[in-house]
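Single-letter residue listing:
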Amino acid sequence: GSGNKNNPASKDPANIKFFGIDEINDYGEVEKMGTTTFFLRASSIGLPLVKEVFNKEFNSKEELLNECNSYFKTNMIEGIVVRTVDSKFSAKIMNLEYDSKK
């Protein structure tokens, strides 16, 4: 529930959902599994997944923030994890309104 009564999942039973898998390569180093491989592998073993909000390429930080903020207007969630297709970069775009209501 993340401490916010407005969280849409606050009344759901505790659960876990996945948005990525790390693998150990032949050199003992951890590498992020690419998105396509992750979805195929996760679905083949029945892992519960987070909802994919959008799947598109953004041309600027502003374009990404506008898309996220537009989604937040009708979806009271804490934030959206964004990442590159190869999963080598990820970040969480926070919903400032959600944080202000904690």
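A. Looking closely at helix α1 (residues 35-45). Along α1, the residues that are buried comprise T35, F38 and A42. Here the buried residues of α1 occupy an arc of 55° about the axis, which is enough to place them on one side. In α1, the exposed residues that point more than 90 degrees away from the buried face are T36, L40, S43 and S44. Once α1 finishes, G46 follows within two positions and takes phi at roughly 75°, a positive value.

B. The packing of aromatic side chains, seen in detail. Counted by the stated rule, this structure contains 2 aromatic pairs. Measuring from ring centre to ring centre gives 5.2 Å for F38 and F39, while their planes differ by 50°; the resulting arrangement is tilted. You can call F38 buried: its relative accessible area is 1%. Exposure remark for F39: the relative accessible area of 28% places this residue in the partly exposed category. Aromatic side chains F54 and F58 sit 5.4 Å apart centroid to centroid with 75° between the ring planes, which places their arrangement in the edge-to-face category. The same class applies to F54 and to F58, which are both buried.

Rules used throughout
Residues numbered from 1 in each chain as written. Predicted model: local features only at pLDDT ≥ 70, side-chain atom pairs only at ≥ 80, totals over all residues. Heavy atoms only, no water. Buried < 20%, exposed > 50% of the residue type's maximum accessible area, 1.4 Å probe, protein only. Helix = DSSP H or I, 4+ residues; strand = E, 2+ residues; numbered from the N terminus. Arc of directions from axis to C-beta. Phe/Tyr/Trp six-rings, centres within 6.5 Å; stacked < 30°, edge-to-face > 60°.

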